[in-house]
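These are the residues of each chain, in order.
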Amino acid sequence: MKTGLEIETPVIVLNVKAYVESAGRKGFELAKICEEVASERGVSIAICPQQVELALIASSVNIPCFAQHVDAVEPGSHTGFITLESIKETGATGSLVNHSEHRLKIADIDGIIEKAASLDLLTIVCTNNIVVSKAVAELNPYAIAVEPPELIGTGKSVSKVDPGIVEDTVKEVKRVDERCVVLCGAGVTNGEDVRASIELGADGVLLASGVVKAKDPKAALLDLVSGL
Ligand code: G3P
């Protein structure tokens, strides 16, 4: 199921994870940098703030904000879980689902995708390979982000080291659902990595350390957007 909502592509999605460099005030500044670069360069950038900052950041910046994770639970007696309803309340655009650092069961992914669509929230479901990407495409998420876990945080871009996984994921996912947005991630660090991803057919990239851990995050982001 699809919602009417969309984000512009090609897009750079920055997942700030739980790094020290993205906590509290620093996370807020990263979100402001994304907003500035998106508006100065006329490009599409989305951010996944640390979960505790989602409401603040979603209400403070004019770019799409996504939760980093959502749990497959109904609102109620669950401690420390994150519901789609609470994400909706923050004003966020949607959520990452099944990140390799926070995996879910396939039945839960299915339930989350369906319910998110009914709440007008977008789902970006992370996958680890072509077969899983193809299987997830059958569930009709808004987007799929393929990320080989072994390349995450290495600075070695999937689009350079393993172009086949990007190209074939795009091909297989679009064969199942041509409207599904396909992102790639893991090790994406500079504009060349982004350009290579787009040339392989991806609609954008999902990345973290290349910006969050950079000495100058704005310069890193400007370099990345040069590849769009
Ligand atoms: O969610 C993005 C991520 O897993 C890739 O991380 O640090 O390799 O860009 P990184």
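Treat the numbers as computed from the prediction; the structure is a model and nothing was measured.

## Let's talk about helix 10 (residues 217-225)
Every α-helix winds through 3.6 residues per turn, so residues three or four apart in the chain are directed the same way. Those residues of helix 10 not exposed but buried are Pro217, Ala220, Leu221, Leu224 and Val225. With its buried residues spanning 130° around the axis, helix 10 presents them on a single face. Structurally, helix 10 contributes buried residues whose contacts are with strand 1 (11-15), helix 1 (24-41), strand 2 (44-48), helix 8 (191-199), strand 8 (204-207) and helix 9 (209-212).

## Considering the site of the ligand
Every residue close to the ligand is listed here: Asn15, Lys17, His99, Glu147, Ile152, Gly153, Ala186, Gly187, Leu206, Leu207, Ala208 and Ser209. Contacts to the ligand include Glu147, whose side-chain N or O atom sits 2.9 Å from an oxygen atom. Between Gly187 and the ligand, the recorded distance is 2.8 Å, taken from a backbone N or O atom to an oxygen atom. Its free accessible area being 310 Å², the ligand has 100% of it covered by the protein chains.

## Description of the pattern of salt bridges
Where charged atoms of side chains with opposite charge meet at close range, the side chains can pair. Summed over the entire model, instances satisfying the criterion amount to 14 salt bridges. A salt bridge links Glu21 to Lys213, with the nearest nitrogen and oxygen atoms 3.2 Å apart. With a gap of 192 residues between them, Glu21 in the loop between strand 1 and helix 1 and Lys213 in the loop between helix 9 and helix 10 connect regions that are remote in the sequence. Residue Glu21 is classed as partly exposed on the basis of its relative accessible area of 30%. According to the relative accessible area criterion, Lys213 is partly exposed, its value standing at 47%. Close ionic contact of Glu192 with Lys160 constitutes a salt bridge, the shortest N to O distance being 3.1 Å. You can see Glu192 sitting in helix 8 and its partner Lys160 sitting in helix 6 (residues 158-161), a full 32 residues away along the chain. One continuous salt-bridge network, built from bridges that share partners, spans Glu36, Glu40 and Lys218.

## Comments concerning the pairing of strand 6 (residues 143-146)
Burial along strand 6 is two-sided: Ala143 and Ala145 facing one way and Ile144 and Val146 facing the other are all buried. Of the strand pairs in this sheet, strand 5 (residues 122-127) and strand 6 are connected by four bridges, and their pairing is parallel. Note on strand 6: the bridge partner recorded for Cys126 is Ala145. Following the backbone out of strand 5, through helix 5 (residues 130-137) and into the adjacent parallel strand 6, one traces a crossover that is right-handed. Across four bridges, strand 6 lies against strand 7 (residues 181-185) in parallel orientation.

## What to know about the side chain of Thr90
For Thr90, the location among the structural elements is in helix 3 (residues 84-90). Classification of Thr90 as buried rests on a relative accessible area of 17%. In this structure the side chain of Thr90 is engaged in a polar contact, spanning 2.6 Å, whose partner is the backbone oxygen of Ile87. The contact partners of Thr90, leaving out residues within four places of it in the chain, are Leu54, Ala55 and Ala58.

## Focus: the pairing of strand 7
A regular strand places its side chains so that they alternate between the two faces of the sheet. The element strand 7 is extensively covered by neighbouring structure, given that five of its five residues are classed as buried. On strand 7, burial covers both faces: Val181, Leu183 and Gly185 on one face and Val182 and Cys184 on the other are all buried. The pairing of strand 7 with strand 8 spans three bridges and is classified as parallel. By the bridge assignment for strand 8, Gly185 is matched with Leu206. Between strand 7 and its parallel partner strand 8, the chain crosses via helix 8, and the hand of that crossover is right-handed.

## What about the sheet that holds strand 2?
Within the open sheet, the eight strands sit side by side as 2-1-8-7-6-5-4-3. Their pairing is parallel. The sheet terminates laterally at strand 2 and strand 3 (66-67), the two strands that pair on one side only. When strand 3 meets strand 4 (residues 94-97), the two strands line up parallel, connected through two bridges. Opposite Phe66, over in strand 4, you have Gly94 as the bridge partner. Across the sheet, helix 1 lies against strand 1 and strand 2, angled at about 170° from strand 2, the strand it touches most. Of the strands in this sheet, strand 6 and strand 7 touch helix 7 (residues 163-176), which is tilted by about 160° from strand 7.

Rules behind the numbers
- Residues numbered from 1 in each chain as written.
- Predicted model: local features only at pLDDT ≥ 70, side-chain atom pairs only at ≥ 80, totals over all residues.
- Heavy atoms only, no water.
- Buried < 20%, exposed > 50% of the residue type's maximum accessible area, 1.4 Å probe, protein only.
- Helix = DSSP H or I, 4+ residues; strand = E, 2+ residues; numbered from the N terminus.
- Arc of directions from axis to C-beta.
- Contact = heavy atoms within 4.5 Å.
- Near = heavy atom within 4 Å.
- Polar contact = N/O pair within 3.5 Å; in protein donor to acceptor, adjacent residues only side chain to side chain.
- Areas by Shrake-Rupley, 256 points an atom, 1.4 Å probe, with all protein chains shown as cover.
- Salt bridge = Lys/Arg side-chain N within 4 Å of Asp/Glu carboxyl O.
- Pairing = 2+ DSSP bridges.
- Right-handed = clockwise from strand over helix to strand, strands pointing away.
- Axes fitted to C-alpha atoms, helices over the stretch in contact; angles between N-to-C directions.

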